[in-house]
Amino acid sequence: MRVFIVIFLVALAATAAGTPPIRRLALTLCFVDAPDRRKSQELPVPLLGGLAIISGMLLALLLAFFMIYGRIPRPVAGVLLAGGIVAVVGLIDDRVQLPAWVKLGGQICGALVLI
């Protein structure tokens with residue numbers, strides 16, 4: 001049980017520590033959702049917040065599997081790869097507004113990795 005508490009705390013700390021630098025990076029790269037007539041925000045909103053969350057989760061998962069097994073089991077590597085594919089498609093969509101069929105194709109590719 002202590003291992004899981006440590007893993008949770010690592011994910012929490014990594015995500016909390018990673019959010020401000022990633023926010024600054026998003027603002028520097030103009031990776032933002034700009035306000036317009038159809039949106040309620042008045043200031044640009046950074047779009048890379050998911051990157052901080054994924055980074056914290058990956059760090060915690062890698063720590064967990066190396067602490068418990070000493071390696072990453074193959075099924076877990078598949079799940080991480082599938083999640084990475086979907087995350088990259090989402091990141092690209094944030095930048096260039098992909099059509100729905102392209103986003104769906106990326107999600108199907110992620111699912112095929114799991115199958």
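The rules behind each value
- Residues numbered from 1 in each chain as written.
- Predicted model: local features only at pLDDT ≥ 70, side-chain atom pairs only at ≥ 80, totals over all residues.
- Heavy atoms only, no water.
- Helix = DSSP H or I, 4+ residues; strand = E, 2+ residues; numbered from the N terminus.
- Rg over C-alpha atoms; globule rule 2.2 N^0.38 Å.
- Buried < 20%, exposed > 50% of the residue type's maximum accessible area, 1.4 Å probe, protein only.
- Contact = heavy atoms within 4.5 Å.
- Areas by Shrake-Rupley, 256 points an atom, 1.4 Å probe, with all protein chains shown as cover.
- Lys, Arg positive; Asp, Glu negative; His and termini not counted.
- Charge placed at Lys NZ, Arg CZ, Asp CG, Glu CD.
- Polar contact = N/O pair within 3.5 Å; in protein donor to acceptor, adjacent residues only side chain to side chain.
- Patch = residues over 30% accessible without salt bridge, like charges linked within 9 Å, V, L, I, M, F, W, Y side chains within 5 Å.
- Salt bridge = Lys/Arg side-chain N within 4 Å of Asp/Glu carboxyl O.

Q: If you had to explain the overall build of the protein to someone new, which residues and values would you point to?
A: Along the protein, the regular secondary structure elements total 4 helices and 2 strands. Helices (α) and strands (β) of the protein occur, in sequence order from the N terminus, as α-β-β-α-α-α. Here the C-alpha radius of gyration of the protein, 17 Å, is well above what a compact globule of 115 residues would show, namely 13 Å. Dimensions along the principal axes, computed over C-alpha positions, put the protein at roughly 50 × 35 × 20 Å. The buried share of the protein, reckoned over its 115 residues, is 19%. Sequence-distant contacts in the protein: of pairs separated by 6 or more residues, those separated by 24 or more amount to 48%. Of the roughly 8,200 Å² of accessible surface on the protein, a fraction of 72% belongs to carbon and sulfur atoms. A gap of 12 Å separates the mean positions of the 10 positive and 5 negative side-chain charges of the protein.

Q: Could you give an account of the side chain of Thr-15, with specific residues and numbers?
A: Here Thr-15 lies in helix 1 (residues 2–28). For Thr-15, a relative accessible area of 19% corresponds to the buried category. Within the structure, the side chain of Thr-15 is placed 2.8 Å from the backbone oxygen of Ala-11, a separation counted as a polar contact. Those residues within four positions of Thr-15 in sequence are excluded, and the remaining contacts are Ala-52, Ile-53 and Gly-56.

Q: Before we move on, can you summarise a nonpolar patch on the surface with the specific residues and values?
A: Judged by side-chain polarity, Met-1, Val-3, Phe-4, Ile-5, Val-6, Phe-8, Leu-9, Leu-12, Met-67, Ile-68 and Tyr-69 come together as a nonpolar surface patch covering roughly 1,100 Å² of accessible area. Sort the elements by how many residues they give to the nonpolar patch and helix 1 lands first, with 7 residues. Within the secondary structure, Ile-5 sits in helix 1. Given the relative accessible area of 45%, Ile-5 is considered partly exposed.

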